[in-house]
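# Summary of the model geometry
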Amino acid sequence: MKLIVDSGSTKADWIAIDDEGKILFTTQTLGLNPEILENDEIIKRLNDRFDILQNKKNATHLFFYGAGCGTDKMKKTLTEAFESYFVNAAVSVEEDTYAAAYATTPRGEEAIVAILGTGSNCSYFDGTKLHQKVQSLGYIIMDDCSGNVFGKELIRKYYFNKMPQDLAVEFEKEYNVEPDFIKSKLYKEANPNAYLATFAKFLIQHKDHEFCRKIIFKGMKSFVKNYIKQFDNCKDIPVHFVGSIAFYLKDELQETFDKYELQLGNVLRRPIDGLIAYHVANKE
């Protein structure tokens, strides 16, 4: 049994397949980002899913692609946790951008591959390996155009009384905006970046409102300038995306790309289906 996992900070999609690619089961856990979780919490999240707990000794391979796995230290931390849990499995841990690359880019082709979900990332894929010029420093400093940055922007606008009254009324209906509640979510509970990203749904729902359009296009402009344009060949090859922000704001991405003369490639909400095809084709 092979386990293929695509994990963001918010959630992780799990699919178990046999050697022919037949799906044995699918499930979902909370996100397993080693930058913001201790090992005890990672194991707890695994044990919370019966399918995973029941099959932990049956797994022969674990292919894990996750947010927060961009450094050797984080890969080692998560690999050791998985090896102690899936005792009979060969464990492979890669950053989530590899999942995006394998799922969106035809075999042997080069592309720029980006993630716009709870967090954000961008790499050049040469057809085999990923290359990055900017090391991510996480959601507090970076993550341009991501769900958590959009969420942060909405909360700030609301509290600084810069959100239009009609939207502010709707915002209050959908979210608990009490200061103590927000501060507890941000500073006392796990996954504050995922909490911030929940507000991005509001932005997408009201994306035609001029206030929201300005925030969206400001984020996309920043992502193009700070991430995509770091690669000299960005106008010569397609830029593929995965993630809910990219998926639900595809039209806005296209509008932004037209302005900067960039090629918008494949846009997927989740890369998991493409990963199945990749691993079956490569007999891994």
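Scroll up to find the structure this text is about.
We now turn to the structure provided with this report. These numbers come from a predicted model, not from an experiment. (Residues numbered from 1 in each chain as written. Predicted model: local features only at pLDDT ≥ 70, side-chain atom pairs only at ≥ 80, totals over all residues. Heavy atoms only, no water.)

Applying the stated criterion across every chain, the model contains 14 salt bridges. Residue R45 pairs with E41 through a salt bridge whose shortest N-O separation is 2.8 Å. Of this pair, R45 and E41 are both found in helix α1 (residues 39–47), four residues apart, which corresponds to roughly one turn of the helix. E41 gets classed as partly exposed once you look at its relative accessible area, which sits at 26%. The shortest N-O distance in the salt bridge between E252 and K207 comes to 3.6 Å. Of this pair, E252 sits in helix α12 (residues 250–260) while K207 sits in the loop between α9 (200–205) and α10 (210–226), and the two are 45 residues apart along the sequence. Here the two residues E252 and K207 agree in accessibility, since each one is buried. (Salt bridge = Lys/Arg side-chain N within 4 Å of Asp/Glu carboxyl O. Helix = DSSP H or I, 4+ residues; strand = E, 2+ residues; numbered from the N terminus. Buried < 20%, exposed > 50% of the residue type's maximum accessible area, 1.4 Å probe, protein only.)

Considered for burial, the residues of helix α13 (residues 272–281) that qualify are I272, L275, I276, Y278 and H279. When α13 is viewed along its axis, its buried side chains cluster within an angular range of 165° and face the same direction. Opposite the packed face of α13, turned more than 90 degrees from it, sit the exposed residues D273 and A281. (Arc of directions from axis to C-beta.)

The next subject is the packing of helix α5 (residues 147–159) against α10. Two numbers describe how α5 lies on α10: the axes approach to 11 Å, and their chain directions differ by 140°. Taken together, the axes of α5 and α10 are oblique relative to one another. Crossing handedness for the pair α5 and α10: right-handed. Contacts between α5 and α10 involve F150, E153, L154 and K157 from the first element and F211, I215, I216, K218 and G219 from the second. Partitioned by chemical class, the residues of the contact of α5 with α10 number five nonpolar, one polar and three charged. (Axes fitted to C-alpha atoms, helices over the stretch in contact; angles between N-to-C directions. Parallel < 35°, antiparallel > 145°, perpendicular 65-115°, else oblique. Left-handed = near helix turned anticlockwise from the far one by under 90°. Contact = heavy atoms within 4.5 Å. Nonpolar A, V, L, I, M, F, W, Y, C, P; charged D, E, K, R; others polar.)

Inspection of the secondary structure puts S123 in strand β7 (residues 120–125). Taking the relative accessible area as the measure of exposure, S123 reaches 0% and is therefore buried. There is a polar contact of 3.1 Å between the side chain of S123 and the side chain of Q132. For S123, the residues in contact, after removing those within four places along its chain, are T97, A111, I112, V113, L130, H131, Q132 and F231. (Polar contact = N/O pair within 3.5 Å; in protein donor to acceptor, adjacent residues only side chain to side chain.)

Under the counting rule described, the total for this entry stands at 22 aromatic pairs. Summarising the aromatic geometry, the rings of F223 and F241 are spaced 6.2 Å apart at their centres and angled 45° between planes, so their arrangement reads as tilted. Here F241 lies in strand β9 (residues 239–242) and F223 lies in helix α10, a separation of 18 residues in the sequence. Chaining the aromatic ring pairs together yields one cluster made of Y158, Y159, F171, Y175, F181, Y195, F199 and F202. Seen from the ring of Y85, K56 lies directly overhead, with NZ or CZ sitting 4.6 Å from the centre. (Phe/Tyr/Trp six-rings, centres within 6.5 Å; stacked < 30°, edge-to-face > 60°. Lys NZ or Arg CZ within 6 Å of the ring centre and 35° of its normal.)

Here the focus is the pairing of strand β6 (residues 111–116). The element β6 is extensively covered by neighbouring structure, given that six of its six residues are classed as buried. Sheet topology note: the β6/β7 ladder contains six bridges and is antiparallel. Residue pairing across strands places A114 opposite C122, the latter belonging to β7. Between the end of β6 and the start of β7, which pair antiparallel, lie three residues. (Pairing = 2+ DSSP bridges.)

Here the focus is the state of the cysteines. Across all of its chains, the model carries zero disulfides by this definition. For the unlinked cysteine C122, the closest cysteine sulfur is that of C234, found at 9.1 Å. The exposure class assigned to C122 is buried, which follows from its relative accessible area of 2%. Looking at the unpaired C145, the closest cysteine sulfur is the one in C122, lying at 11 Å. A relative accessible area of 1% places C145 in the buried class. (Disulfide = S-S within 2.5 Å.)

Geometric values such as these leave the question of function open.
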